[in-house]
Amino acid sequence: MKQEQTFTAISGFAMLFVCLLLLAGGILGTIFLRNPFFMLLIFVLMICLPGFTVVNPNQSAVLVLFGAYKGTILKNGFFWVNPLFVKKKISLRARNLDSDPLKVNDKIGNPIMIGVVLVWRVQDTYKAAFDVNNYENFVSIQSEAAIRHMAGAYPYDNFEDEKAEITLRSGGNEVSELLEQELTERLAIAGIEVMEARINYLAYASEIAGAMLRRQQATAVVAARFKIVEGAVSMVEMALEELADKDIVDLDEDKKATMVSNLMVVLCSDKDATPVLNTGSLYQ
């Protein structure tokens, strides 16, 4: 398999000076010497003109002569090459691919919407020009395939797969590194370097988003209630110990049960408790 080869081109300014000499010689010889032979100089000049090319910074020019690859101009500047060369300009600048959110299924089968940002650039101009039909379209299609493959390998979260160590939502750098590796392998055939790839959009698909939101809310409520009950039990325990240590009141088991019940209701209620004054005894 061929690889990229650097082509050393002639300075365009030096060749421009030669062309000016050909032009001057052709015009002066034809006018003053009246010799048709000097018209050949102008003809040679016309042949040389298509050989001039300008390569901008972070740009390259792939040169082909009658179907044979001759090399790539990687330096920027003003050059002259064989006029018969076919010159194909390829940018070496870093480019972004902001993919539209794709609807895919995660490892568990839940439909999700996922999108990524890919930063890439051409590393091998030969592969980009000749190993694929259109390297920009190739990057777009292979990126979509890599996203679908990665999304199907991991769950969205660990609600249903509690043993999952890496999830799309909480994977962070691990998921990004795996995505970069997947894209690097797929885009290597086109000579593309993957500089960075990260998930920039992740959500459940619309048909299950409502149900999953309620599930997350329920999980949050259960976790909050657990903490509230845990704290209330500790406070009740502390209150009983303080009353017993300071010998403020002597409570039998029934009174302790009543007190615990009242405190748990006050501490665990999601609304402010309304006190009720009892003007009689504890049993009336």
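Treat the numbers as computed from the prediction; the structure is a model and nothing was measured. (Residues numbered from 1 in each chain as written. Predicted model: local features only at pLDDT ≥ 70, side-chain atom pairs only at ≥ 80, totals over all residues. Heavy atoms only, no water.)

Q: Help me understand the nonpolar core in this model?
A: The nonpolar side chains of a soluble globular protein tend to be buried, and buried together. Within the largest apolar cluster, 36 residues are counted, with the highest numbers of intra-cluster contacts made by Leu-118, Val-122, Tyr-135 and Ile-192. Contributing elements (two or more residues each) for this core: strand E3 (59-65), strand E8 (102-105), strand E9 (111-122), helix H3 (125-131), helix H4 (135-151), helix H5 (173-187) and strand E10 (192-204). Tallying contributions element by element places H4 first for this core, with seven residues. Apart from the residues lying within four places of it in its own chain, the contact partners of Leu-118 are Arg-95, Asn-96, Leu-97, Val-139, Ser-143, Leu-183, Leu-187, Val-194, Glu-196 and Ala-197. (Core = buried A, V, L, I, M, F, W, Y, C linked by side-chain atoms within 4.5 Å. Buried < 20%, exposed > 50% of the residue type's maximum accessible area, 1.4 Å probe, protein only. Helix = DSSP H or I, 4+ residues; strand = E, 2+ residues; numbered from the N terminus. Contact = heavy atoms within 4.5 Å.)

Q: Would you take a moment to explain the sheet that holds strand E2 (residues 52-55) for this structure?
A: In any sheet, the strands associate via hydrogen bonds between backbone groups, in a parallel or an antiparallel arrangement. Judged by pairing direction, the sheet is antiparallel, and its three strands sit side by side in the order E1-E5-E2 without closing on themselves. Of all strands in the sheet, those bounded by a partner on one side alone are strand E1 (10-11) and E2. Of the pairings in the sheet, the one linking E1 to strand E5 (residues 77-80) comprises two bridges and is antiparallel in character. The residue of E5 that forms the bridge with Ile-10 is Trp-80. (Pairing = 2+ DSSP bridges.)

Q: Whenever I open this one, the environment of Val-18 confuses me. Can you help?
A: Mapped onto the fold, Val-18 is located in helix H1 (residues 12-33). Accessibility expressed as a relative area gives 35% for Val-18, which makes it partly exposed. Considering only alpha carbons, one finds Val-18 and Cys-48, 30 residues apart in sequence, at a separation of 9.8 Å.

Q: Help me understand the pairing of E9, please; the structure alone is not making it clear to me.
A: Every other side chain in a regular strand lies on the same face of the sheet, so the side chains alternate between the two faces. Extensive coverage of E9 is indicated by the burial of nine of its twelve residues. Both strand E7 (residues 95-98) and E9 contribute to a ladder of four bridges, which runs antiparallel. Bridged to Asp-98 within E9 is Val-117. Relative to E9, E8 is paired through four bridges, and the arrangement is antiparallel. The residue of E9 that forms the bridge with Lys-103 is Met-113.

Q: When you look at the packing of aromatic side chains in this model, what are you seeing that I'm missing?
A: For any two aromatic rings, the description comes down to two numbers: the centre-to-centre distance and the angle of the planes. Scanning all chains against the criterion turns up seven aromatic pairs. Ring geometry for Phe-7 and Phe-85: centres 5.7 Å apart, planes at 80 degrees, overall edge-to-face. Within this pair, whereas Phe-7 is found in the segment before E1, its partner Phe-85 is found in the loop between E5 and strand E6 (86-91), the two being separated by 78 residues in sequence. In textbook terms, an aromatic cluster arises when at least three aromatic residues are bridged by ring pairs, as seen for Phe-13, Phe-52 and Phe-78. (Phe/Tyr/Trp six-rings, centres within 6.5 Å; stacked < 30°, edge-to-face > 60°.)

Q: Explain the sheet that holds strand E4 (residues 68-73) to me, please; I cannot follow it from the model alone.
A: With antiparallel pairing, three strands are arranged side by side in an open sheet as E4-E3-E6. Only two strands of the sheet have a single partner each, and these edge strands are E4 and E6. Looking at each pair of strands side by side, their axes are set apart by 25 degrees on average, direction ignored. Taken together, the six bridges between E3 and E6 define a ladder with antiparallel strand orientation. Counted as the bridge partner of Ala-61 is Lys-89 from E6. (Axes fitted to C-alpha atoms, helices over the stretch in contact; angles between N-to-C directions.)

Q: Could you clarify how one ought to interpret the packing of H4 against H5 in this entry?
A: For the pair H4 and H5, the least separation of the axes is 9 Å and the interaxial angle reads 135 degrees. It follows that H4 is oblique to H5 by the angle criterion. The hand of the H4/H5 crossing is right-handed. Across the interface between the two elements, Phe-138, Val-139, Gln-142, Ser-143, Ala-145, Ala-146, His-149 and Met-150 of H4 pack against Val-175, Leu-179, Glu-182, Leu-183, Arg-186 and Leu-187 of H5. Split by residue class, the contact of H4 with H5 holds nine nonpolar, three polar and two charged. (Parallel < 35°, antiparallel > 145°, perpendicular 65-115°, else oblique. Left-handed = near helix turned anticlockwise from the far one by under 90°. Nonpolar A, V, L, I, M, F, W, Y, C, P; charged D, E, K, R; others polar.)

Q: What is the right way to read the state of the cysteines from this model?
A: Scanning the entire structure with this criterion turns up zero disulfides. Cys-19 forms no disulfide, and the closest cysteine sulfur to it belongs to Cys-48, at a distance of 5.0 Å. (Disulfide = S-S within 2.5 Å.)

Q: Help me understand the pattern of salt bridges, please; the structure alone is not making it clear to me.
A: Pairing between side chains of opposite charge can happen when the charged atoms of each approach one another. Counting across every chain of the model gives five salt bridges. Ionic pairing is found between Arg-121 and Glu-193, a salt bridge with its closest N-O pair at 2.8 Å. Of this pair, Arg-121 sits in strand E9 while Glu-193 sits in strand E10; the two residues are 72 residues apart in sequence, bridging distant segments of the chain. For Glu-193, a relative accessible area of 23% puts it in the partly exposed group. The salt bridge involving Arg-186 is made with Glu-182; its shortest N-O contact spans 2.9 Å. Of this pair, Arg-186 and Glu-182 are both found in helix H5, four residues apart, which corresponds to roughly one turn of the helix. (Salt bridge = Lys/Arg side-chain N within 4 Å of Asp/Glu carboxyl O.)

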